[in-house]
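Now for the letters of each chain:
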Amino acid sequence: MEYNRFNIGLEIENSGIFIIGLDNDILTVSLDLAKFLEINANKIKSLGDKLDVGDIAKPLNPYDIFNTLENQGKNTYNNTKIIEKIETPDFIEYHFHYGLILNVFANKENKVILEHIKKKIPKKAFINPIYFSYDIIGDSNAIPQDEISDLTKNYGYERKNYKSIFKKEVYINYSCLERLYFANCEFKSKVSLHHIDGSDNLVAFFNGIDFANCIFEDEINFKRFASGSPLPDDKYYNNEQNTLFENCIFKKRVDFHNSKFVNSVYFTNSHFKDYADFHACEFEKTACFYGVTFEKTPNFSQVVFKDSVNLVNIKTNFNFEILNTTINNIDKSKDESANDFRDSFRTFKSALIKENNPLEASNFHKYELYCKEIELRENWNKKGKKAQNMLELQRNTWIFRDFIDSLLLGFYRKLCEHHTDFLRVFNNLILLIALYALFVSVFAWRHDDKSQDKRKTSSLFDFLYSFEHNIHIVVFVCFLLGSILILYKLKLKPFTLYKCLYIKKWIRKTFVNKRALLLILQDLCNLTQNLIFALFFVSASFYLGQALGEFLGLDKYFAYSLLINTLFIGLYICFVYTESLFFGRYIILISSYIVFFVQLIQNPSIIHPIIDKIVNDNIGKNNYQDIMVLNICYTVLMFLVLFSLQKTARKNSIIQT
């Protein structure tokens, strides 16, 4: 990499701040601490034990940097302005076309620094207040003239609002006694507290920072910093101002991990469009996330909230798939990452419960269960070799239990979003009733003696008769397809039929409206895969039924009964898992509502066999073995869905009990 340097070496008048130069297109502005103390020696001495630097330090602002460069003819490098000033009748913009480093250095030539002053100033601290954006609230003409004069003298106010726009990276590579104002700025590139990647240097802002209303186009690195920290022995006059990131837009990754907020911090109405890392942060006072939007999963694991936290109206625009993708992209084992995120959501849930907000807390409990499902599934994927001793056997037993628990969590996620989605669980209730009605109708038609003659001449009867006599072939094919699919699923993670089809390449090349066709193809593949899995377990149950029938001396019809009822359960679980837009929401869902209403009009008691027996006195009429076992399976599923329905309804109700 070619190194380039442009020396400037200019001091901002009477401030102790130097514009050093450009190093590889990065402008360095640095405070000479010894020079600052030399300039303000008399004022500092008169203050005694109180280092009130806010009254003696000349603020750093883009106006002074721009004027210093312009007046000395050093504001152009490679035919490009270092800082470009764009002025309108009401506003001023300072465009920084090169990178920026704010730094501190001590002049070795000046070693005469009073001991009692050294004790009050951190080894590396920028003393001057910094205003890269200044915004007068209201009409500046209404401000008294003496205050306008003070603003002009002390803060470089040019009687217009101004802001800075940084086209390249910004590094705030120092601690700061005074406050930093970057409100209303725009950052087109990276913003970091550490010029050297991987630096563990602690950066402290003793009087807080103000980044309100900023737009961050690139990554933000604010890891391992402290805000609002008092000076030793509380010598500094003011460290109570808040840290502000209100109304900000973060378009890329944001990193605040292992930071400490001694003062209150506000992220009110900010928008995080990418990953936000707050893990191991410590908030000693108010932490306000009111109205914050997280488009991707934030990491708040091991966070400590010592005072109040405001999570009202927080918006989370992610689901299980987004969370799973986020965890996959972290450079850490998947189960550990899932556990970290689970701790994040537990922290939010606990804070909301503490604030008596159980409705919002239920959402974070849902995300917590998402993480637990991923964690359990990953434990299963990491299962070891065959057990060589009792301890390993016990461990493998627990891993199998983890796998079963992950499947159960997955089912509840699909059924009702862990009791947070009332419409979904209600749709699944309708689906269950409609599927049961179809099975009962087929069985009743098959056993109805009055329609025996009609069935003999019916093509449908011929099909069913042929199906029953060739059921072994059908079951074997289903078992074979399911076995192949499961073997591929175990070998290729994650595996979907859609990834194996080359037809999608042909669709991309042939059709104009290819997105819709690709979505339908993907939905069809997912539905087919779910059906194959369901039919695999159905066929496995048939063989199990045959084996049990022979072993226990049961009638061979036992295997058929087990097959039919497993088919009912398998199809229901398959349809619950089918979330695709085209097949899941349109075809399956709409069909289930049609069947439900048709059956409800014809036979309202179809909702449950007990109601049918009470209303129609059908005791003994439908005592067919297949229907009896079906009724038991249906009743178990009905209780499960109704329990989820009432629990979801209670959680979504306005009044909590």
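How each quantity is defined
Residues numbered from 1 in each chain as written. Predicted model: local features only at pLDDT ≥ 70, side-chain atom pairs only at ≥ 80, totals over all residues. Heavy atoms only, no water. Helix = DSSP H or I, 4+ residues; strand = E, 2+ residues; numbered from the N terminus. Buried < 20%, exposed > 50% of the residue type's maximum accessible area, 1.4 Å probe, protein only. Contact = heavy atoms within 4.5 Å. Areas by Shrake-Rupley, 256 points an atom, 1.4 Å probe, with all protein chains shown as cover. Pairing = 2+ DSSP bridges. Lys, Arg positive; Asp, Glu negative; His and termini not counted. Salt bridge = Lys/Arg side-chain N within 4 Å of Asp/Glu carboxyl O. Polar contact = N/O pair within 3.5 Å; in protein donor to acceptor, adjacent residues only side chain to side chain. pLDDT = per-residue confidence, 0-100. Axes fitted to C-alpha atoms, helices over the stretch in contact; angles between N-to-C directions. Parallel < 35°, antiparallel > 145°, perpendicular 65-115°, else oblique. Left-handed = near helix turned anticlockwise from the far one by under 90°. Nonpolar A, V, L, I, M, F, W, Y, C, P; charged D, E, K, R; others polar. Arc of directions from axis to C-beta. Core = buried A, V, L, I, M, F, W, Y, C linked by side-chain atoms within 4.5 Å. Phe/Tyr/Trp six-rings, centres within 6.5 Å; stacked < 30°, edge-to-face > 60°. Lys NZ or Arg CZ within 6 Å of the ring centre and 35° of its normal.

> Describe the overall build of the protein, naming the residues involved and giving the relevant values.
Assigned secondary structure in the protein consists of 20 helices and 34 strands. Across the 657 residues that make up the protein, the buried fraction comes to 47%. In the protein, of all internal contacts separated by at least 6 residues, the share reaching a separation of at least 24 is 61%. Total accessible area on the protein is roughly 34,100 Å²; 57% of this is exposed by carbon and sulfur atoms.

> Could you give me a rundown of the sheet that holds strand β15 (residues 186–187), with the residues and numbers involved?
Overall, mixed pairing links the nine strands, which are arranged β6-β7-β11-β15-β19-β23-β27-β31-β34 in an open sheet. Each having just a single partner strand, β6 (83–87) and β34 (315–316) make up the two edges of the open sheet. Alignment of strand β19 (residues 215–216) against strand β23 (residues 249–250), held across two bridges, turns out to be parallel. Note that in β23 the partner of F216 across the bridge is F250.

> Now, about the side chain of D255: what can you tell me, with residues and values included?
As for its position among the elements, D255 is in strand β24 (residues 254–255). Summary of buried charges: D255 has no salt-bridge partner, and the nearest side chain of opposite charge, R253, is 4.5 Å away. Here H257 takes part through its side chain, which lies 2.6 Å from a polar atom of the side chain of D255. Beyond its immediate sequence surroundings of up to four residues, D255 is in contact with I220, N221, F222, K223 and D277.

> Report on the confidence of the model for the protein, specifying residues and quantitative values.
Averaged over all residues, the pLDDT of the protein equals 77, while 66% of them reach at least 70. Here residues 454–461 is a poorly scored stretch, pLDDT under 50, and it has eight contacts once near neighbours within four places are set aside; other chains count. Predicted confidence for residues 490–495 stays below pLDDT 50, and this span has seven contacts to residues more than four positions away or in other chains.

> Account for the packing of helix α6 (residues 320–328) against helix α7 (residues 334–354), naming residues and giving values.
The N-to-C vectors of α6 and α7 enclose an angle of 125°; their axes lie 9 Å apart at closest approach. When the axis of α6 is compared with that of α7, the two are oblique. Handedness of the crossing formed by α6 with α7: right-handed. Facing L323, N324, T326, I327 and N328 of α6, the residues of α7 in contact are K334, S337, A338, F341 and F345. Tallied by class, the residues present in the contact of α6 with α7 amount to five nonpolar, four polar and one charged.

> For α6, give the residues involved together with the corresponding values.
Where α6 is concerned, the buried positions are F320, L323, N324, T326 and I327. Buried residues of α6, viewed axially, fall in a sector of 160°; they line one side. Between the side-chain oxygen at the start of α6 and the backbone nitrogen of E321 there is a gap of 3.2 Å, and the oxygen is on N319.

> An account of the nonpolar core is requested, with residue identities and associated values reported.
Formed by 107 residues in total, the largest nonpolar core has its most connected members in F132 and F289. Judged by nonpolar contacts, the second largest core, of 30 residues, contains Y412, L415, F575 and V576.

> Can you explain unusual backbone geometry? Please cite residues and give values.
With a phi close to 60°, N79 is a non-glycine residue in the positive phi region. As for its position among the elements, N79 is in the loop between β4 (76–77) and β5 (80–81). Residue N79 is classed as exposed on the basis of its relative accessible area of 79%. Phi is positive for N356, which is not a glycine, with a value near 60°. Within the fold, N356 resides in the loop between α7 and α8 (358–381).

> Please give an account of the sheet that holds strand β16 (residues 191–192) that cites residues and values.
Read from one edge to the other, the open sheet built from nine strands follows the order β1-β2-β3-β8-β12-β16-β20-β24-β28, with strand pairing classed as mixed. Lying at the two open borders of the sheet, with one neighbouring strand each, are β1 (5–12) and β28 (276–277). Pairing between β24 and β28: two bridges, direction parallel. Bridge pairing in β28 links V254 to A276.

> Run through the pairing of β1, naming residues and quoting values.
Residues F6, I8, L10 and I12 line the buried face of β1, whereas the alternating positions R5, N7, G9 and E11 sit on a face that is not buried. Examined bridge by bridge, β1 and strand β2 (residues 17–23) share six bridges and lie antiparallel to one another. The residue bridging R5 from the neighbouring strand is D23, located in β2. Once β1 ends, the chain turns through four residues before running back antiparallel as β2, passing N14 with a positive phi of about 55°.

> Which residues make up the packing of aromatic side chains, and what are the values?
Tallied over the full model, the rule gives 60 aromatic pairs. Measuring from centroid to centroid gives 3.8 Å for Y436 and Y634, while their planes differ by 10°, and the two rings are stacked. Pair noted here: Y436 is in helix α10 (residues 422–447) and Y634 is in helix α20 (residues 625–652), with a separation of 198 residues, a long-range link. For Y634, a relative accessible area of 0% translates into the label buried. Lying over the aromatic face of Y181, R179 brings its terminal NZ or CZ to 5.5 Å of the ring centre.

> Tell me what's going on with the packing of α6 against α8, and back it up with residues and numbers.
Where α6 meets α8, the closest approach of the two axes is 10 Å, and the angle between their N-to-C directions is 55°. With respect to each other, α6 and α8 are oriented oblique. Here the hand of the crossing between α6 and α8 comes out right-handed. Contact residues: α6 offers F320, L323, N324 and I327, while α8 offers Y367, Y370, C371, E373, I374 and R377. Here the residues of the contact of α6 with α8 are counted per class, giving seven nonpolar, one polar and two charged.

> Which residues make up the environment of A212, and what values do they have?
Among the secondary structure elements, A212 is positioned in the loop between β18 (209–210) and β19. Note on A212: relative accessible area 7%, which makes it buried. C-alpha separation for the pair A212 and C185, spaced 27 residues apart in sequence, amounts to 8.5 Å. Ignoring sequence-local partners within four residues, the contact set of A212 consists of A183, N184, L244, E246 and C248.

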